Amino acid sequence: MWGGRNCKFVAGKVQWGHAFLSLNRELLKAYAECENSSEIIAVQNSWLSQQNQVTKALPDLEDLNEDEGSTSDSDDNLPPLERMSII
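Definitions and limits used
- Residues numbered from 1 in each chain as written.
- Predicted model: local features only at pLDDT ≥ 70, side-chain atom pairs only at ≥ 80, totals over all residues.
- Heavy atoms only, no water.
- Helix = DSSP H or I, 4+ residues; strand = E, 2+ residues; numbered from the N terminus.
- Buried < 20%, exposed > 50% of the residue type's maximum accessible area, 1.4 Å probe, protein only.
- Contact = heavy atoms within 4.5 Å.
- Areas by Shrake-Rupley, 256 points an atom, 1.4 Å probe, with all protein chains shown as cover.
- Patch = residues over 30% accessible without salt bridge, like charges linked within 9 Å, V, L, I, M, F, W, Y side chains within 5 Å.
- Salt bridge = Lys/Arg side-chain N within 4 Å of Asp/Glu carboxyl O.
- Axes fitted to C-alpha atoms, helices over the stretch in contact; angles between N-to-C directions.
- Parallel < 35°, antiparallel > 145°, perpendicular 65-115°, else oblique.
- Left-handed = near helix turned anticlockwise from the far one by under 90°.
- Nonpolar A, V, L, I, M, F, W, Y, C, P; charged D, E, K, R; others polar.
- Phe/Tyr/Trp six-rings, centres within 6.5 Å; stacked < 30°, edge-to-face > 60°.

A. The arrangement of the overall build of the chain in detail. In terms of regular secondary structure, the chain is built from five helices and zero strands. Buried residues in the chain amount to 8% of all 87 residues. Taking all contacts inside the chain whose residues are at least 6 apart in sequence as the whole, residues at least 24 apart take part in 17%. Roughly 7900 Å² of accessible area belongs to the chain as shown, and the carbon and sulfur atoms make up 55% of that amount.

Now the structure itself:
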């Protein structure tokens, strides 16, 4: 069962386990409801399609930097985030 003792036990082994469960709650529930591998693939493809639509809706990071007049580093002296590409 999703969110059961085993899931929480395993997630508790790493510092970010609780955050992982929280961020992925809906996807994990959908996977838990699958009865076979075909349903798992269908859930996966649906989720990936939704993520692709969200990515297309986001502005380009380079455009944001140009709009803000920023060069390569931010005011907090941290390096800029690398853009992640979704395969």
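B. Spotlight on a nonpolar patch on the surface. On the surface, V14, W16 and F20 cluster together to form a nonpolar patch covering roughly 310 Å² of accessible area. Within the element layout of this structure, W16 appears in the loop between helix 1 (5-11) and helix 2 (17-23). On the basis of relative accessible area, W16 is assigned to the exposed category, the value being 54%.

C. Local environment of the packing of helix 3 (residues 25-32) against helix 4 (residues 37-57). Two elements in contact, helix 3 and helix 4, have axes separated by 9 Å at closest approach and are oriented at 155°. Considered as vectors, helix 3 and helix 4 are oriented roughly antiparallel to each other. As for how helix 3 packs across helix 4, the hand of that crossing is right-handed. Counting all contacts with helix 3, which are made through L27, A30 and Y31, the residues of helix 4 involved are I40, V43, Q44 and W47. Among the residues making up the contact of helix 3 with helix 4, the classes are represented as six nonpolar, one polar and no charged.

D. Focus on the packing of aromatic side chains. Scanning all chains against the criterion turns up one aromatic pair. A ring pair is formed by W16 and F20, whose centres lie 6.2 Å apart and whose planes are at 70°; its orientation type is edge-to-face.

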